[in-house]
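Structure at a glance
If you want the building blocks of each chain, they are given just below.
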Amino acid sequence: MAAGLVLWLPLLASAQKPPEWLQQISPTSVGSFPMIAPFHATFRFGWSGIEAASAETRLEIKNGIANVFVKGQTTGMARTLWKLEATHEGTFEVRGLKPLGFLQVEQYNNRRITTEALFKKDGLWRLRQRTPQGGPSKWKPIRIEPIRDIVSAMFFLRSQSLETGDKLAVIAFPGDSPFLFQAGVGKRETIKINEHQRPAIRLNFQIQRIELKKNEPPRLQQHGKFRKGSVWISDDEHRFPLRAEVDIFIGSVFAEMETLTFSAKPQIER
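Residues numbered from 1 in each chain as written. Predicted model: local features only at pLDDT ≥ 70, side-chain atom pairs only at ≥ 80, totals over all residues. Heavy atoms only, no water.

**A word on the overall build of the protein**
- The secondary structure content of the protein amounts to 2 helices and 16 strands.
- Taken along its principal axes, the extent of the C-alpha atoms in the protein is 55 × 50 × 40 Å.
- Within the protein, the proportion of its 270 residues that are buried is 42%.
- With an accessible surface of roughly 15000 Å², the protein has 54% of that area assigned to carbon and sulfur atoms. (Helix = DSSP H or I, 4+ residues; strand = E, 2+ residues; numbered from the N terminus. Buried < 20%, exposed > 50% of the residue type's maximum accessible area, 1.4 Å probe, protein only. Areas by Shrake-Rupley, 256 points an atom, 1.4 Å probe, with all protein chains shown as cover.)

Written out as structure tokens, the structure reads:
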């Protein structure tokens, strides 16, 4: 992909100069690859080759607004060790892929975490609540731009040309802290999914946490658990995620598509 524009980013209320690493954010505008049609898909997840979780995802589009619903849970032996049920609902504008907000609920054995995020005119605000309650919860601004939620960030990267050798970087907010997500586009490959050979685009990525402190420029921190990762998306008109592999501190974790069903194509142009 051709190099994107590098913007001068107003970050904090203070007049401090933005750190140099923010110049890595590229591209800064939505690409021209067409929007994917609404779909329903299921995935399986595993650790060190053993299946440990499942999830289903649904994309709906109405009046130019995309809604993404995700529901997942641990399964089998993994569930006896670590019980987790989670849901995520995110919305964004199809034209321009502008994020609007999301609601995420994580239910563990002894606690429940609910995260709500809204993208307002003055930036991203989030509310994070824990049950049993550890203290009063308040809406908190996330003072860094440009920032996307994890779902719209994925659609934003998908929209790019994704030529071999391209470098991409976005700031994504999965619910707790913002992260710098950097990806390099590898060579086209063929991978086996559900006994079928599929042409795929490989993205090799790195993740770093962004530390935000009042009256200080944002700083990058190494992720304490993440080592490296790759994701393969279909090299066709859908560009749908087929498989992901991530090396973390406890070993190798994978995710793989099981089923995928499309409905009508969206009548939306960018």
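Still more to cover.
**Focus on the environment of Pro-141**
- If you trace the backbone, Pro-141 turns up in strand 8 (residues 140-142).
- Residue classification places Pro-141 among the partly exposed positions, given a relative accessible area of 24%.
- Considering only alpha carbons, one finds Pro-141 and Trp-125, 16 residues apart in sequence, at a separation of 4.4 Å.

**Brief notes about the nonpolar core**
- Counting residues in hydrophobic clusters, the biggest one holds 37 residues, and the most contacted among them are Met-35, Leu-59, Phe-92 and Phe-155.
- Formed by 15 residues, the second largest nonpolar core is a distinct cluster that contains Ile-25, Ile-144, Ala-169 and Ile-210. (Core = buried A, V, L, I, M, F, W, Y, C linked by side-chain atoms within 4.5 Å.)

**As for unusual backbone geometry**
- Cis geometry is found at the peptide bond from Ser-26 to Pro-27, where omega equals 0°.
- Residue position: Pro-27 is located in the segment before strand 1 (39-47).
- The omega angle of the peptide bond from Glu-145 to Pro-146 is -5°, so this bond is cis rather than trans.
- Its location among the elements puts Pro-146 in the loop between strand 8 and strand 9 (148-149).
- Here the phi dihedral of Glu-195 falls at roughly 70°; this positive angle occurs in a residue that is not glycine.
- Along the chain, the position of Glu-195 falls in the loop between strand 11 (179-193) and strand 12 (196-211).
- We classify Glu-195 as exposed; its relative accessible area is 66%.

**Looking at the pairing of strand 11**
- Where strand 10 (residues 167-173) lies against strand 11, 6 bridges are found, and the strand directions are antiparallel. The residue bridging Leu-168 from the neighbouring strand is Ala-183, located in strand 11.
- Here strand 10 folds back onto strand 11, and the loop between the two strands holds 5 residues, one of which, Gly-175, carries a positive phi near 145°.
- Here strand 11 runs beside strand 12; their pairing, made up of 13 bridges, is antiparallel. Its bridge partner lying in strand 12, Val-185 is registered against Leu-203.
- Between strand 11 and strand 12, which pair antiparallel and follow one another directly, the connecting turn spans 2 residues, one of which, Asn-194, has a positive phi of 55°. (Pairing = 2+ DSSP bridges.)

**Describing the pairing of strand 1**
- Of the strand pairs in this sheet, strand 1 and strand 2 (residues 50-62) are connected by 9 bridges, and their pairing is antiparallel. Looking across to strand 2, one finds that Arg-44 is bridged to Ser-54.
- Counted along the chain from strand 1 to the antiparallel partner strand 2, the turn is 2 residues long, and its residue Ser-48 has a positive phi close to 55°.
- Across 9 bridges, strand 1 lies against strand 16 (residues 251-262) in antiparallel orientation. Within the sheet, the bridge partner assigned to Trp-47 lies in strand 16 and is Val-253.

**Digging into the packing of aromatic side chains**
- On inspection of all chains with the given rule, the structure shows 7 aromatic pairs.
- Centre to centre, the rings of Phe-92 and Phe-155 are 5.0 Å apart; their planes meet at 45°, and the pair counts as tilted. With Phe-92 in strand 4 (residues 84-93) and Phe-155 in helix 2 (residues 150-158), this residue pair connects regions lying 63 residues apart in the sequence.
- The interplanar angle of 20° and the centroid separation of 5.1 Å between the aromatic rings of Phe-181 and Phe-205 together place this pair among those described as stacked. Residue Phe-181 is found in strand 11, and its partner Phe-205 is found in strand 12; the two are separated by 24 residues along the sequence. Both residues of the pair, Phe-181 and Phe-205, belong to the buried class. (Phe/Tyr/Trp six-rings, centres within 6.5 Å; stacked < 30°, edge-to-face > 60°.)

**Looking at the side chain of Thr-115**
- Inspection of the secondary structure assignment puts Thr-115 in strand 6 (residues 112-120).
- Polar side-chain contacts of Thr-115 include one of 2.8 Å to the side chain of Arg-128.
- Contacts of Thr-115, omitting those with residues within four sequence positions, involve Phe-102, Leu-103, Gln-104, Leu-127, Arg-128 and Gly-175. (Polar contact = N/O pair within 3.5 Å; in protein donor to acceptor, adjacent residues only side chain to side chain. Contact = heavy atoms within 4.5 Å.)

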